[in-house]
Amino acid sequence: MSLPSDEKVTRVSEDDHGGDYDTAKDLSIAKQAAEEEHNLKFLDAIRRYPKAVMWSVLLSTSIIMEGYDIVLISSFFAQPSFRERYGEYQPSTDTWQITASWQNGLSNAVSVGTIIGAFANGYFTHRFGYRRVLLSALVAICGCIFISFFSPNLPVLLVGQFLCGIPWGVFATMAPAYASEVCPMALRGYLAVYVNLCWGLGQLISAGVQAAFSAKTGQWSYRVPFAIQWAWPIPLFAILLFAPESPWYFVRIGDYDKAEKSISRLSSSKQPGHAKQAIAMMIHTNEIEKSIDQGTSYLDCFRGVDRRRTEIACMAFAAQPFCGSAMGGTPTFFFVQAGLPESISFRMSVGGLGIASLGTIISCWLLAPFGRRTLYLWGLGGLALVLMAVGFISVGAGNTTGGNYAQASMMLVWLGLYYMTVGPVCYAIISEVSSTRLRNKSICISRIAYYIAQIICNVVNPYMLNPTAGNWRGKTGFFWGGCAFVFFIWTFFRLPETKDKTFEELDILFARGIGAREFVNYKVDAYAEGGEALTKEE
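Here, residues in each chain are numbered from 1, in the same order as that chain's written sequence. Given that this is a predicted model, residues contribute local features only at a pLDDT of at least 70 and side-chain atom pairs are listed and counted only at 80 or more, while totals for whole chains, interfaces and linings are drawn from all residues. As a convention, hydrogens and water are excluded, and side-chain values are obtained from all of the structure's heavy atoms.

1. Some thoughts on the environment of W490
Applied cut-off: By definition, any uninterrupted DSSP run of H or I lasting at least four residues is a helix, any uninterrupted run of E lasting at least two residues is a strand, and each is numbered from the N terminus. Should any heavy atoms of two residues lie within 4.5 Å, those residues are considered in contact. Nitrogen and oxygen atoms within 3.5 Å of one another constitute a polar contact, given that in protein one can donate a hydrogen and the other can accept it, and given that sequence-neighbouring residues count only through two side-chain atoms.
Secondary-structure assignment places W490 in helix 22 (residues 476-494). Along the sequence, W490 and M185 sit 305 residues apart, while their C-alpha atoms lie 26 Å from each other. Not counting the four nearest positions on each side in its chain, W490 is found in contact with E311, I312, M315, A316 and L495. In terms of polar contacts, W490 uses its side chain to reach the side chain of E311, at 2.9 Å.

2. Details of the pattern of salt bridges
Heads up, the rule is: Salt bridge criterion: a side-chain nitrogen from Lys or Arg within 4 Å of a carboxyl oxygen from Asp or Glu. Type-normalised accessible area, obtained with a 1.4 Å probe on protein chains alone, sets the label of each residue: buried when under 20%, exposed when over 50%, and partly exposed for intermediate values.
Taken as a whole and assessed by the stated rule, the structure comprises 12 salt bridges. The salt bridge partner of E260 is K276, with a shortest N-O separation of 3.5 Å. Residue E260 is found in helix 14 (residues 256-266), and its partner K276 is found in helix 15 (residues 274-292); the two are separated by 16 residues along the sequence. Two residues, D500 and K499, come together in a salt bridge whose shortest N-O distance is 3.0 Å. Judged by relative accessible area, which is 46%, D500 ranks as partly exposed. One network of salt bridges, in which partners are shared, links E181, R252 and R439.

3. Quick look at helix 20 (residues 422-433)
Note the following rule: What a helix is expected to span follows from its residue count: subtract one and scale by 1.5 Å.
Spanning 12 residues, helix 20 covers 16 Å between terminal C-alpha atoms, matching the ideal 16 Å at 1.5 Å per step. Summarising burial for helix 20: 12 of the 12 residues are buried, a large majority. Buried within helix 20 are the following residues: V422, G423, P424, V425, C426, Y427, A428, I429, I430, S431, E432 and V433.

4. Focus: the layout of surface pockets
So the rule is basically this: Here a cavity denotes a set of grid points, spaced 1 Å apart and computed over the protein atoms alone, in which a 1.4 Å probe fits but from which it cannot get out, and a pocket denotes an open set meeting protein on both sides within 12 Å along at least five of seven lines; residues with an atom within 4 Å of a point are reported as lining. Grid points are joined across faces, edges and corners, and a volume is the space filled by probe spheres set on the points. When residues are sorted by character, Ala, Val, Leu, Ile, Met, Phe, Trp, Tyr, Cys and Pro go into the nonpolar class, Asp, Glu, Lys and Arg into the charged class, and all the rest, Gly among them, into the polar class.
The volume enclosed by the largest pocket comes to roughly 640 Å³. At the level of elements, helix 2 (27-39), helix 3 (42-48), helix 10 (185-213) and helix 18 (342-397) are the ones that each hand at least two residues to the lining of the largest pocket. For the lining of the largest pocket, the leading source of residues is helix 10, giving 10 residues. Across the lining of the largest pocket, the residue classes break down as 17 nonpolar, 3 polar and 7 charged. In this model, the second largest pocket occupies a volume close to 220 Å³.

5. Considering the confidence of the model for the protein chain
Note the following rule: Confidence scores here are pLDDT values: one per residue, from the predictor, ranging 0 to 100.
For the protein chain, mean pLDDT is 84; residues scoring 70 or higher make up 91% of the total. Mean pLDDT in the protein chain bottoms out at helix 1 (residues 14-17), which sits at 40, and peaks at helix 22, which reaches 95. Taken together, the stretch residues 1-21 has pLDDT below 50 and engages in 46 contacts with residues farther than four places along the chain or on a different chain.

6. Observations concerning empty space enclosed by the protein
Counted according to the given criterion, the structure contains 6 cavities of 30 Å³ or more. Taken as a whole, the second largest cavity holds about 320 Å³ of empty space. As for the second largest cavity, its lining consists of 25 residues, and the residues nearest its centre are E37, Y49, P184, M281 and M282. Taken together, the elements giving at least two residues each to the lining of the second largest cavity come down to helix 2, helix 9 (154-182), helix 10, helix 13 (247-252), helix 15 and helix 23 (503-511). A total of 6 residues in the lining of the second largest cavity trace back to one element, the largest contributor, which is helix 15. Classifying every residue of the lining of the second largest cavity gives 14 nonpolar, 5 polar and 6 charged.

7. Brief notes about the packing of aromatic side chains
Applied cut-off: Stacked, tilted and edge-to-face pairs are distinguished by plane angle, under 30 degrees for stacked and over 60 for edge-to-face with tilted covering the rest, among Phe, Tyr and Trp rings (Trp via its six-membered ring) whose centres lie within 6.5 Å. Working rule: Lys NZ or Arg CZ, within 6 Å of ring centre, within 35 degrees of ring normal, means a charge sits over the ring.
Summed over all chains, the structure comprises 29 aromatic pairs. Ring geometry for F149 versus W230: centroids 5.6 Å apart, planes at 55 degrees, classification tilted. Of this pair, F149 sits in helix 8 (residues 130-150) while W230 sits in the loop between helix 11 (220-227) and helix 12 (233-240); the two residues are 81 residues apart in sequence, bridging distant segments of the chain. Here F149 falls in the buried class, since its relative accessible area comes to 11%. Residue placement shows R85 over the ring face of Y86; its charged tip is 5.2 Å from the ring centre. The ring of F492 is capped by R373, whose NZ or CZ atom sits 5.7 Å from the centre of that ring.

This is how it looks when you write it as structure tokens:
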């Protein structure tokens, strides 16, 4: 079935550019590149773009630092030496505890810093490109770690965490955007998922370090874990100094020669004219988006067609904290509050985050047969059920040893399910759903939405879970399970399937206002005349 033409989505032809239409903009070359994108299989893509994969993987490794610190701070709340140094004595339990307000402050200081970093990244990357902004952030993080390492009290530690959050915000928003821009469609989802694997590896390393130091006493039991953060930025800076800039960045600023050189650096293809074909397709995509909306500011993310795309990216990211990650994503403190001994809690946390890393790897195999929408939708549904089960176990057997271990086991199931579905698939969604001209800013806004959601969850969760506040223990699962179900409903009605669609094809689907559940049913020809660009497959 053909759809009527949308006057804003016109074919970018030679007539549109008059006599200055050069070879790089030849539509026939661009169409060949688009056809090759669809025909390129996974293994062929790796053989043709090994350097693109390498640079994307190396840049995404910077995410390990944020994942490491998120678990580090929350695990310190359960570490006796840290609590004795920074906490308050609780006579009722004869223990030292970090109060709920300071837990909120330390957790949210990072989130506030990352919001600033994410916002700044959207502006500076658009102006200076990925490479220079990334290298500047790596230098900054080296200095900020000093403050956390030498902090004599909680206020100084809070400032250190806030300042560390700024470069972490840059890393978190740059990695998925860079991965989606330097690699072909066949690899796009997998390398976006790898971003989440780096997050999981950071958490796993952090949990392992904490388990190793949990029984030690004195200041070095928590200062050494801080110092380990210096292991990443220094070697990464030396390596990424030689990273190529994204060709999409050069296309957006009109420097097609540098874009072609960047493609040549990222690809090992010996096919004549390969780089020109790729650049021609990028130019065509850029022209389609300019025909829809010329703007590239943050406000343009909330105008016209891009408003819907921004909503999808923001809601997909905001679902992560609200589907239980405040409770299960950093599990050590929950295990302790559920009634498990501290030593076992730290070891179970390591095992759980090992399951999380394995789950992310498994998600790579699930992407191809199931796509983004299906995994995300039913992942949220499964997480809601697991969290409800934790709540019911806490009600029925919350004060028994068997009940405590049952709750902990269910949270291990939560970790496995989350990291097979919602956790990694989100990165594929947010890197694909945004337009190429607004990708940096769209991803930054969606990450800011995530951080705001995280702040809300970090404020609420301690007051439910902390023994000095609500002391809900496992019954907290009822609250987060309900939140996960709300996002399940949103996903069913609003999240489209972006699998096997080039960026220019997604531009057309969004511009024509195709419903989320209908994306998968349309075949798109971005080079067809008028209304023939879209055909519904019966």
